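Below, each chain spelled out in residue letters.
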Amino acid sequence: MPLELEPITAPGRAFVERAEALVPTLRERAAKADREGRFPHENVASLREAGLLGALVPEELGGLGVTSVHDWGVALARLGRGEGSTAIAINMHLGTSRALVQRWHAARASGDTAGAEAAAGPLRAIAAGQLVICATATEPGTDFLRPNTTATPVEGEEGTVRLDGRKIFVTLSPAAQLFAMNVRVPTEDGDRIAFAFVPASAPGLEPQDDWDALGMRSSGSQSFRLDGVRVPASSLQIAGAWGEWSPGLLMGRTLANQTLLGAFLGIAEHAAELARHAANTQTKPKAQGPIANLPGVQHRVGELEITLAGCRAALATAGRALDERLEQAGGQPLSLEEAHAAMADYQAAKWIVNQGAIEVVSMAMDVAGGGAFMSGNPLSRLYRDVRAGPFMQPYTPTEAREYVGQVALGRSPKG
Ligand SMILES: Cc1cc2nc3c(=O)[nH]c(=O)nc-3n(C[C@H](O)[C@H](O)[C@H](O)COP(=O)(O)OP(=O)(O)OC[C@H]3O[C@@H](n4cnc5c(N)ncnc54)[C@H](O)[C@@H]3O)c2cc1C
């Protein structure tokens, strides 16, 4: 396979190898879970047994200690070769656990022992496979920077706020014990955007059991209503002004989402494998044997492999660039300009990988022929799953070019 991605760090290699070992199991379970639109809890159990829930948790807290974004993306691609829904679901958990790791490092660096222990507790639980976290930002009719789920003080309950609103596309929620979410906090100086952690068992957090989609059918991405969910006011992490990018928000979003591209690359890699298999095993009289003898099939497979190589190159380059940026920053915050540059790198890779992955699956179907259109053929599921990529925020294809153009032209994007 041209330009196949390999890890560049030792912890990353462990992550990638363990993810790769799960591919046959994930594939075996995929068709049934897709058909039933059911969340496969057994896949979370397999990830737990493989030690992958704690992949990003530092070794001293019991995890694999993966720090390379490049390697994280490669591991996601291996999981995507197994099953797309599980790959995107685990990434929601990994993105949040990475944010907790960052909080742990920052607290330790500033000598905040209590803060460090507050982050270490959940990280140990994640590494032990006892805590799964989903990340929910999306709401109907708005965007990440402008959540309408609002935190308001509860009268007569000093230090407590209530959360009211609606969250949609809450991937991994059937397995999560904790929900990380962005909320709106009204203050006298204007509204703020903040992050809240809400236990799945919190009264007022109501699952709607309404996930019935074209693809990613076993991702458990149901919607939730929040009706007077109580959380301590002190637990809200204020991240900036409501409706405005800050360096922290930009980097948080880039770090949590860039590796999702790996899941879509992995789906495309699986499709390429099926195309090669079809070409070498399906026969036609005019091919005088397998259809791989036909120049048309050879060209289509060649085009598919070249497109795949472009996707791999974009994901690897964006991963390495982010690794380098973080290393150079040495734990210090980036400027707004640098953070926009990181997001623009991610957006460019997102465009190339998502569009390319869709094309690859489509070309694989051309090679495999009409049989690929049948519901029982894995290619038809991959075709539906891979289509989810461009929707992932930020930014969708209707917004991404404008954003990248603004950054390239030195205009600070407003959101
Ligand atoms: C497979 C998949 C998984 C995702 N996982 C996550 C995740 O884990 N966390 C997260 O924060 N975001 C997740 N997203 C959301 C994604 O990042 C985008 O924010 C989302 O696709 C909306 O983007 P948009 O601006 O195009 O949507 P818009 O078109 O502006 O909004 C979505 C629209 O969908 C319609 N809708 C109605 N009912 C529902 C319902 N029950 N569920 C969903 N939509 C409904 C509404 O009209 C709503 O306005 C996921 C999306 C997909 C497709």
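Nothing here was measured: the structure is a model prediction, and the numbers come from that model.

What counts, and at which threshold
Residues numbered from 1 in each chain as written. Predicted model: local features only at pLDDT ≥ 70, side-chain atom pairs only at ≥ 80, totals over all residues. Heavy atoms only, no water. Helix = DSSP H or I, 4+ residues; strand = E, 2+ residues; numbered from the N terminus. Rg over C-alpha atoms; globule rule 2.2 N^0.38 Å. Buried < 20%, exposed > 50% of the residue type's maximum accessible area, 1.4 Å probe, protein only. Contact = heavy atoms within 4.5 Å. Areas by Shrake-Rupley, 256 points an atom, 1.4 Å probe, with all protein chains shown as cover. Salt bridge = Lys/Arg side-chain N within 4 Å of Asp/Glu carboxyl O.

Enquirer: Could you give an account of the overall build of the protein, with specific residues and numbers?
Expert: When you go through the protein residue by residue, the secondary structure sums to 11 helices and 10 strands. Radius of gyration (C-alpha) of the protein: 22 Å, near the 22 Å computed for a compact globule of 415 residues. Its C-alpha atoms put the protein at 80 × 45 × 40 Å along the principal axes. Within the protein, buried positions represent 53% of all 415 residues. For the protein, the proportion of contacts with a sequence separation of at least 24, taken over those separated by at least 6, is 74%. Total accessible area computed for the protein in this model is approximately 18,000 Å², and 53% of it derives from carbon and sulfur atoms.

Enquirer: Requested: an account of the pattern of salt bridges, with residues and values cited.
Expert: Under the defined criterion, the tally for this structure stands at 24 salt bridges. Between Arg38 and Glu42 there is a salt bridge, with its nearest N and O atoms 3.0 Å apart. Look at Arg38 and you get partly exposed, because its relative accessible area is 30%. The partner of Glu139 in a salt bridge is Lys167, with the nearest N and O atoms 2.8 Å apart. On the criterion of sequence distance, the pair formed by Glu139 in the loop between strand E1 (133–136) and strand E2 (150–153) and Lys167 in strand E3 (residues 160–170) is long-range, its members being 28 residues apart. Connected via shared salt-bridge partners are Glu4, Arg81, Glu269 and Arg312.

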